[in-house]
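Listed here are the chains, written in short residue letters.
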Amino acid sequence: MSGKVSYLQWMLQVLKNSVELGGFPEEVYHILSKPERVLMVSIPVRMDNGKIVVFEGYRVQHNSALGPYKGGIRFHPEVDLETDMALALGMTLKNSLNGLPYGGGKGAVKVDPKKLSQTELERLSRGYARAIAPLIGDLEDIPAPDVGTNPQIMAWMVDEYSKLKGRNVPGVFTAKPPELWGNPVRLYSTGFGTAVAAKVAAEKYLGRFEGLTVSVHGFGNVGQYAAYYAAKWGAKVVAVSDTSGTVYDPNGIDVELAMKVKESTGKVINYPRGEKLDPDASLYVDCDVLMPSAIENVIRADNVHKVKAKVISEGANGPTTPEAEKVLYERGAVIVPDIAANAGGVVMSYLEWVENLQWYWWSEEETLSRIKTLMENNIKRLIAKYESLRSEKGPVTMRNAAFVLAVERVYKAMKLRGWI
Ligand code: GLU
């Protein structure tokens, strides 16, 4: 991460402020600033050329006061233990804020998955699952996908883990393919939730959602469905982007067509209409609502002055840096923070896990209506907390409010358990 502070330092700073803001004992900060357990693993993988390459991986188990550890696995060339620790802390807070019976964890492997063949990727995924197997389990620690991983990888991992146990253990990984104990809603649950967050926040701060202009940065699994639902609920999606570029059309983009173009050509820039701009232009176009849905650190001190949106719903983890966040609030924007706005993924994971533990399933409609109710209630509760903190304590961000709510639940659990 460029800039002055690392993602971990920033998360710890927000945590510290929130512990003070919420009036919690200082011990809460001391406990939550460190993970409970960290596992580092080396994974030797035989590559297709016959050579062995050893990959470095981690599983950080951050806090278990509320239940089993839960959080994704990231495959990324720039990931390191420090980032993984920050992401694991984020999961403790995200799971707490959203009322789930989970603590937080996160795993990572330092690798660029795009540079591996499918067979190499399978061997790495199985190797990682074997390496962390002693510490995970359907009642201990339940991983899922994150950046660079997907349902196929979860299928290989659940197979590897089940072989080690000598029985099928569906609930040990979530976001599996629907054919292998997954739920079809997982494909779009995160983007759906990001759009719900944008809609609820826009209705509160801009008086409506229908007819507003929306831009989406990142057109992967999250961004595509965030755009799809925004359009479905009557907003006008004027820009979408991926690493190939931004498609901008002030008259509105046909999101379903853009999704088809992305699926068949791999690049959204091949969309047949609109203006074609740089990948980051979607952050800067004229719009009411922005949903940064790719990666962290995209809205920074050096480019925040170009961002025009009034409501930002963070589909990605950590897309806005602290300096940029300050500038945005000073000019009257609000940001629904990642731990609320992208929680649709882990909320869906929770429902899939409940299904798996019972060997039961819900229909797509029933699953979606459960997520919708949970997400709407959580975002409304967060906005209410933000407003009450703002009137009591002066300028705070919605991220502060989210952290206060999240820490409060973990704090109460730790106190009842006698840890504090
Ligand atoms: N990786 C996702 C997140 O950051 C999902 C985690 C999960 O489903 O456990 O929330």
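Look above for the structure.
The sections below set out a description of the structure shown in this document. Since the structure is predicted, the reported quantities are computational estimates derived from the model, not experimental observations.

Cut-off values and rules
The numbering scheme is per chain: residues are counted from 1 as the chain's sequence reads. Per-residue local features are limited, in this predicted model, to residues with pLDDT of at least 70; the limit for side-chain atom pairs, both in listing and counting, is 80 or more; totals at the level of whole chains, interfaces and linings are taken over all residues. Note: side-chain values were computed over all heavy atoms of the structure, leaving out hydrogens and water. Strands are treated as partners if at least two bridges between them are detected by DSSP. Where helices and strands are cited, they refer to DSSP runs of H or I of at least four residues and of E of at least two residues respectively, numbered from the N terminus. Note on geometry: axes are C-alpha line fits, over the in-contact stretch for helices, and angles between N-to-C directions span 0 to 180 degrees. Whether two residues touch is decided by their heavy atoms; if any such pair falls within 4.5 Å, the residues are in contact. Only protein atoms enter the 1 Å grid used here, on which a cavity is any set of points holding a 1.4 Å probe that cannot leave and a pocket is any open set flanked by protein within 12 Å on both sides along at least five of seven lines; residues with an atom within 4 Å of a point are listed as lining. Grid points are joined across faces, edges and corners, and a volume is the space filled by probe spheres set on the points. Three classes are used, and their members are as follows: Ala, Val, Leu, Ile, Met, Phe, Trp, Tyr, Cys and Pro are nonpolar, Asp, Glu, Lys and Arg are charged, and the others, Gly among them, are polar. Throughout this document, a residue counts as near a molecule or strand when at least one of its heavy atoms sits within 4 Å of that molecule or strand. Distance and chemistry together define a polar contact, namely a pair of N or O atoms within 3.5 Å, with one atom able to donate a hydrogen and the other to accept it when in protein, and with adjacent residues in sequence counting only for side-chain atoms on both sides. Note that accessible areas follow from Shrake-Rupley with a 1.4 Å probe, and for residues the cover is restricted to the protein chains shown.

Regarding the sheet that holds strand E9 (residues 275–277)
What the seven strands build is an open sheet, ordered E9-E8-E7-E6-E10-E11-E12; its pairing is mixed. Both outer strands of the open sheet, E9 and strand E12 (334–336), are each paired with one neighbouring strand and no more. The mean inter-strand angle of the sheet, taken between neighbouring strand axes irrespective of direction, is 20°. Bridge count for strand E6 (residues 213–217) against strand E10 (residues 289–292) is four bridges, and the pairing is parallel. The residue bridging Val214 from the neighbouring strand is Val289, located in E10. The strands touched by helix H6 (residues 186–205) within the sheet are E10, strand E11 (311–313) and E12, with E11 carrying the most contacts at an inclination of about 160°.

What about the layout of surface pockets?
Reported here for the second largest pocket is a volume of approximately 500 Å³. Every residue lining the second largest pocket is counted, 22 residues in all, and those nearest its centre are Glu325, Lys326, Val396, Thr397 and Asn400. When residues of the lining of the second largest pocket are traced back to their parent elements, those giving at least two are helix H1 (7–21), helix H10 (322–330), helix H13 (364–393) and helix H14 (398–417). Looking at the lining of the second largest pocket, the element that brings in the most residues is H10, giving six residues. Per-class residue counts for the lining of the second largest pocket are eleven nonpolar, five polar and six charged.

Let's talk about the site of the ligand
As a structural note, the neighbourhood of the ligand is formed by 14 residues, with Lys70, Lys94, Pro145, Asp146 and Ser349 the closest of them. Ser349 is positioned with one of its side-chain polar atoms (N or O) 2.5 Å from an oxygen atom of the ligand. Burial of the ligand by the protein chains amounts to 94% of its free accessible area of 300 Å². Sorting the residues of the shell around the ligand by element identifies strand E3 (69–76), helix H3 (81–97), strand E5 (141–145) and helix H12 (344–358) as the ones contributing at least two each. Grouping the constituent residues of the shell around the ligand by class yields four nonpolar, five polar and five charged.

A word on empty space enclosed by the protein
Counted by the stated rule, this structure contains two cavities of 30 Å³ or more. Within this model, the largest cavity holds a volume of roughly 90 Å³. Mapped by element, the contributors of at least two residues to the lining of the largest cavity are H1, H3, helix H11 (338–341) and H14. Looking at the lining of the largest cavity element by element, the count peaks at four residues for H3. Tallied by class, residues from the lining of the largest cavity come to seven nonpolar, two polar and four charged.

Let's talk about the sheet that holds strand E2 (residues 52–63)
With mixed pairing, five strands are arranged side by side in an open sheet as E1-E2-E4-E3-E5. The open sheet has two edge strands with one neighbour each: strand E1 (37–46) and E5. Shown here is a sheet whose adjacent strand axes are inclined to one another by a mean of 20°, direction ignored. Bridge count for E3 against strand E4 (residues 103–110) is six bridges, and the pairing is parallel. If you follow His76 over to E4, its bridge partner there is Lys110. Of the strands in this sheet, E1, E2, E3 and E4 touch H3, which is tilted by about 150° from E4.

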